[in-house]
Structures are given as C-alpha cells and as structure tokens.
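# Working through the structure, step by step
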Amino acid sequence: LQVTVANCEEFNPKELLSKCTVGKGEYSAVLFIASTFGEGHPPPSAQEFFSVLRALSNDGFQGVPFAVMAIGSTIYPDNCQAGIDLDTALSEAGGKQILTLTKADEVNGQEETVLQWIESIGSIYDIQQKKALVASGDALEPVKIDPVTVIFLQDDDENVAAAIAEEKKMVKNNRCAGSVA
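As a starting point, this report considers the structure included with it. The numbering scheme is per chain: residues are counted from 1 as the chain's sequence reads. With pLDDT at 70 or above as the cut-off, local features in this predicted model cover only qualifying residues; side-chain atom pairs require 80 or more to be listed or tallied, and sums for whole chains, interfaces and linings still use all residues. No hydrogens and no water enter the side-chain calculation; it runs on all heavy atoms of the structure.

It is worth spelling out the pairing of strand β2 (residues 29-35) at this point. Partly exposed residues are those whose accessible area sits between 20% and 50% of the maximum for their type, while under 20% is buried and over 50% is exposed, using a 1.4 Å probe and protein chains only. Secondary structure is summarised from DSSP: a helix means a run of H or I of at least four residues, a strand means a run of E of at least two, and numbering begins at the N terminus for each. Across the 7 residues of β2, 7 count as buried, placing the element largely inside the fold. A two-sided burial pattern is seen for β2, the buried positions comprising Ala29, Leu31, Ile33 and Ser35 on one face and Val30, Phe32 and Ala34 on the other. Pairing between two strands requires that DSSP report at least two bridges joining them. The pairing of β2 with strand β3 (residues 65-72) spans 6 bridges and is classified as parallel. Considered in β3, the bridge of Ala34 is made with Ala70. Here, the term right-handed applies to a crossover whose path from the first strand over the helix to the second runs clockwise when the strands point away from the viewer. Read as a crossover between parallel neighbours, the route from β2 over helix α2 (residues 47-55) to β3 is right-handed.

Listed below in structure tokens is the structure:
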C-alpha cells in the first residue's frame, strides 16, 4: 500500500477527483483523519477545504472511494463533529464510502480505534495476501499495490502524530506494506 500523507491545505476538493483512479489519477482512495476544533468546527487550517467541499455539486466527488476517521473527545458535546460533517459532505458530493465513519475518542480507547481503522484499511486492499503471494513466488503477475492518499485536517494534532508513528512502525515491522511521508 503506497500512502501519500498531506495536509488539506495542499489539496483543493475540486481537484481530488482527477487525482483518483476514478478520475484517471493515481490514487485508489482518499482517507481523511479529521479533528474537531472549538464547538464542532473543522480546524482553522481546514476551513477553506470544507467550504469548497460543501460547494461541490452532487457529482463533484463522484465515485471517489473514501474513509473518514474523526478524532475527538466525548467530554465535549460536539465530539467528532468536523469528521461527521466531512463524511456527510463527501457522500453528498458523490463519494463512495469504503468504511463507515470511525470515531476515535481521546478519553476512551483512541489508540485502539486508530489501529483498528488502519488494519481495516489494510484488509480492504488485501495487503497481507498480496505480500504473501509475492513472497511465496505464487503471484502469477506483478502485484500492483494501489496508492492511497491520507489527508489530515490538522497536521499538528498530537493524536495524528501518534497514528503516523504507529503506521510507520507497522510498515517497518512488515505488518503492512507502504510508506508514510
């Protein structure tokens, strides 16, 4: 699994369709990790991204496979609201949800939720099976591993940094194939 990690400030939602395989681009899916800021709002660095996404027509993200992990805390009434809103906006713009919205609670098992989400992404792309076929020499033809883009809605969140560190460990320990930028 090839992974490109990017801050949402680096992407315009209007251009994501063309970067995905459904739009003749290189990415097979777009994965979002979204934190909530203040009273249910996206972080300041993600507000422009949200505004453009909400303005897309019903087919502006047509067929783009996506998954959202919302990071928040149940001690706040608007827990994970930015991720919930993002998931809704992507669906309304025609995106194809590949995993149901996942909510990682800062005060109740967030690390486990993040790891389960990463494992779920891996299982969708049959990473372990592809690696085993290549290692055994049973792959009939070269195995193509589809690239995926992960877009962070706030890149300075310590929980996101922990998720990246865990994914890097998994890659290093061959629990999943890929690279994290």
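Attention shifts here to a nonpolar patch on the surface. Within the patch definition used here, like charges are joined within 9 Å and nonpolar side chains (Val, Leu, Ile, Met, Phe, Trp, Tyr) within 5 Å, considering only residues with over 30% relative accessible area and no salt bridge. The Shrake-Rupley method, run with a 1.4 Å probe, gives the accessible areas here. Residue values count only the displayed protein chains as cover. Basic side-chain nitrogens of Lys or Arg form a salt bridge, by our definition, when they fall within 4 Å of a carboxyl oxygen of Asp or Glu. Together, Ile75, Tyr76 and Val107 make up a nonpolar patch on the protein surface, roughly 340 Å² of accessible area in all. Looking at where Val107 falls in the secondary structure, it is placed in the loop between β5 (102-105) and α4 (110-124).

To get an axis, fit a line to the C-alpha atoms, keeping to the stretch in contact for a helix; angles then go from 0 to 180 degrees between the N-to-C directions. At a minimum axis distance of 9 Å, the contact between α2 and helix α3 (residues 81-92) shows a crossing angle of 30 degrees. Our classification of the angle between α2 and α3 gives roughly parallel. Crossing hand, α2 versus α3: left-handed. Contact with α2, carried on its side by Phe49, Phe50, Leu53 and Arg54, involves Ala82, Asp85, Leu86, Ala89 and Leu90 of α3 and no other residues of that element. Following the grouping adopted for this structure description, the nonpolar residues are Ala, Val, Leu, Ile, Met, Phe, Trp, Tyr, Cys and Pro, the charged ones are Asp, Glu, Lys and Arg, and the polar ones are all others, Gly among them. Per-class residue counts for the contact of α2 with α3 are 7 nonpolar, no polar and 2 charged. Note on terminology: angles under 35 degrees are roughly parallel, angles over 145 are roughly antiparallel, angles of 65 to 115 are roughly perpendicular, and the others are oblique. The hand of a helix crossing depends on one turn: near helix anticlockwise from the far one by less than a right angle means left-handed, and clockwise means right-handed. What makes two residues a contact is simply this: any of their non-hydrogen atoms within 4.5 Å.

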